[in-house]
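So the chains spell out like this:
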Amino acid sequence: KALEVFGGMKRRGVEPDTVTFNALISAMEKAPGGSQWEKALEVFGGMKRRGVEPDTVTFNALISAMEKAPGGSQWERALEVFGEMKRRGVEPDTVTLNALI
């Protein structure tokens with residue numbers, strides 16, 4: 001459903017911002033049937049291609065999506081995302097660190 005709303009926004013010419021992408025990534029984390037972490041990474045890629053800057057919430061949602069991956073945590077990918085977070089100079093918070101534990 002979240003992807004449908006996002007598509008409707010694009011068709012109407014509404015430019016997504018960081019909050020929009022954060023909500024979409026978070027929805028992928030909480031998808032029925034389990035985390036859609038791969039789709040969350042695709043959304044993140046689209047965010048970067050559009051030049052929208054990720055923030056702490058963005059990275060927290062991505063890391064959490066990987067933590068909740070069906071079939072077991074994608075912890076190695078989560079660590080890669082955390083590395084990108086640090087390279088971009090985005091400050092981790094308590095939520096970030098708890099998700100990585």
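See above for the structure.
A quick note: this is a predicted structure, and the numbers were derived from the prediction, not measured. All residue numbers refer to position in the chain's written sequence, counted from 1. With pLDDT at 70 or above as the cut-off, local features in this predicted model cover only qualifying residues; side-chain atom pairs require 80 or more to be listed or tallied, and sums for whole chains, interfaces and linings still use all residues. Side-chain measures were taken over the full set of non-hydrogen atoms in the model, leaving aside hydrogen atoms and water.

Engineer: What's the story with the environment of Lys68 in this structure? I'm lost.
Structural biologist: Helix numbers and strand numbers start at the N terminus; a helix is a DSSP run of H or I with at least 4 residues, a strand a run of E with at least 2. If you trace the backbone, Lys68 turns up in the loop between helix 4 (56-67) and helix 5 (75-87). Taking the C-alpha atoms as reference points, Lys68 and Ser35, separated by 33 residues in sequence, lie 5.7 Å from one another. Contacts are assigned to residue pairs with any non-hydrogen atoms lying within 4.5 Å of each other. Filtering out sequence-adjacent residues up to four positions away, Lys68 remains in contact with Glu29 and Ser35. At 3.0 Å, the side chain of Lys68 forms a polar contact with the side chain of Ser64. Any pair of N or O atoms that falls within 3.5 Å is considered a polar contact. Within protein, one atom must be able to donate a hydrogen and the other to accept it, and sequence-neighbouring residues count only if both atoms are side-chain atoms.

Engineer: Would you mind going over the packing of aromatic side chains with me for this structure?
Structural biologist: In this description, a pair of aromatic rings is defined by centroid distance and the angle of the planes. Think of it this way: a Phe, Tyr or Trp ring, Trp meaning its six-membered ring, pairs with another when their centres are within 6.5 Å, and the plane angle makes it stacked under 30 degrees, edge-to-face over 60, tilted otherwise. With the rule as written, the count across this model stands at one aromatic pair. Here Phe44 and Phe59 contribute two aromatic rings whose centre-to-centre distance is 5.5 Å and whose plane-to-plane angle is 70°, an arrangement assigned as edge-to-face. With Phe44 in helix 3 (residues 37-49) and Phe59 in helix 4, the pair connects residues that are 15 residues apart, well separated along the chain. Note on exposure labels: buried denotes an accessible area under 20% of the residue type's maximum, exposed denotes more than 50%, and partly exposed covers the range between, all computed with a 1.4 Å probe on protein chains only. You can call Phe44 buried: its relative accessible area is 3%. Residue classification places Phe59 among the buried positions, given a relative accessible area of 0%.

Engineer: Which parts of the structure should I look at to understand the pattern of salt bridges?
Structural biologist: It is possible for side chains of opposite charge to pair when their charged atoms get near one another. Should a side-chain nitrogen of Lys or Arg be within 4 Å of a carboxyl oxygen of Asp or Glu, the pair is scored as a salt bridge. The full count for this structure, using the stated rule, is six salt bridges. Between Lys48 and Glu84 there is a salt bridge, with the nearest N and O atoms lying 3.2 Å from each other. Here Lys48 is found in helix 3, whereas its partner Glu84 is found in helix 5, with 36 residues between them in sequence. Among the charged side chains, a network of salt bridges with common partners joins Lys48, Glu53, Glu84 and Arg88.

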